[in-house]
Amino acid sequence: MSDAAKLIIAITAGLIGLALAIFATIVAVNARNTANNDASVQQVVTQEVEQRLDQAIAEQARKEARQVSVAEKFVRSLDTGERRTIREYVRLRRTVKRLKSDLEATAVAQKDGFSRLDRRITNTNEDLAALSIRVRRVRDNRDFDGGVNP
């Protein structure tokens, strides 16, 4: 191969390498821009979500404040007997909840007790069946021997 052909091949390879380098640079710049755009979009979305969350929290706080205010006005409007009645009602509700809890615990304990009793009865029935089989075998053996062997 001549020096001119080698030179042309070298220049062509260099130009191809330069073209690939330019292409790689463009791809890298586009990737960086996309990443930056994604980060900025994420930041905007995060800010918007935080803003909406703050608004929702503030609205909920206003609702709760109004409810508390209404409740306080109602309580202030009650006379002593009515307040006593409300306190008694609240106390009775707590008592009912406690009794329900106790009743559920008792029901669970009874269910467990019935389950254990049922297992004992089942085991006793199985023992009784096994004994009945043994008695029947003894009788069959006795009847088979004709009562000769004690």
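Details of the structure are given in the entry above.
Each chain carries its own residue numbering, running from 1 in the direction its sequence is written. Predicted model: local features are reported for residues with pLDDT of at least 70 only, side-chain atom pairs are reported and counted for 80 or more only, and whole-chain, interface and lining totals are derived from all residues. Note that the side-chain values use all heavy atoms of the structure and ignore hydrogens as well as water.

A word on the overall build of the protein chain
- Comment: elements are numbered from the N terminus, with helices defined as DSSP H or I runs of at least four residues and strands as E runs of at least two. Broken down by element type, the protein chain carries two helices and zero strands.
- What you see for the protein chain is a C-alpha radius of gyration of 46 Å, clearly larger than the 15 Å of a compact globule of 150 residues, by over 25%.
- C-alpha atoms of the protein chain, sized along the principal axes, occupy 130 × 90 × 10 Å.
- Note on exposure labels: buried denotes an accessible area under 20% of the residue type's maximum, exposed denotes more than 50%, and partly exposed covers the range between, all computed with a 1.4 Å probe on protein chains only. Residue burial in the protein chain is summarised as follows: out of 150 residues, 1% are buried.
- Of the roughly 13600 Å² of accessible surface on the protein chain, 61% is carried by carbon and sulfur atoms.
- This count recognises Lys and Arg as positive and Asp and Glu as negative, with His and chain-terminal groups excluded. Taken as the charge location is NZ of Lys, CZ of Arg, CG of Asp or CD of Glu. Each charge class in the protein chain was averaged separately, 26 positive and 20 negative side chains, and the resulting centres sit 6 Å apart. Atoms considered for the radius of gyration are the C-alpha atoms alone. The globule rule reads 2.2 Å times the number of residues to the power 0.38. The Shrake-Rupley method, run with a 1.4 Å probe sphere, supplies the accessible areas, and residue values consider only the shown protein chains as cover.

Concerning the pattern of salt bridges
- We define a salt bridge as a contact between a side-chain nitrogen of Lys or Arg and a carboxyl oxygen of Asp or Glu at a distance within 4 Å. Applying the stated criterion to the full structure yields five salt bridges.
- Among the salt bridges present, the one from R52 reaches E48, with a minimum N-O distance of 2.8 Å. Taken as a pair, R52 and E48 lie in helix α1 (residues 3-77) at a separation of four residues, close to a single helical turn.
- R52 sits in the exposed class, given a relative accessible area of 55%.
- Exposure remark for E48: the relative accessible area of 36% places this residue in the partly exposed category.

Nothing here speaks to function; it is geometry throughout.
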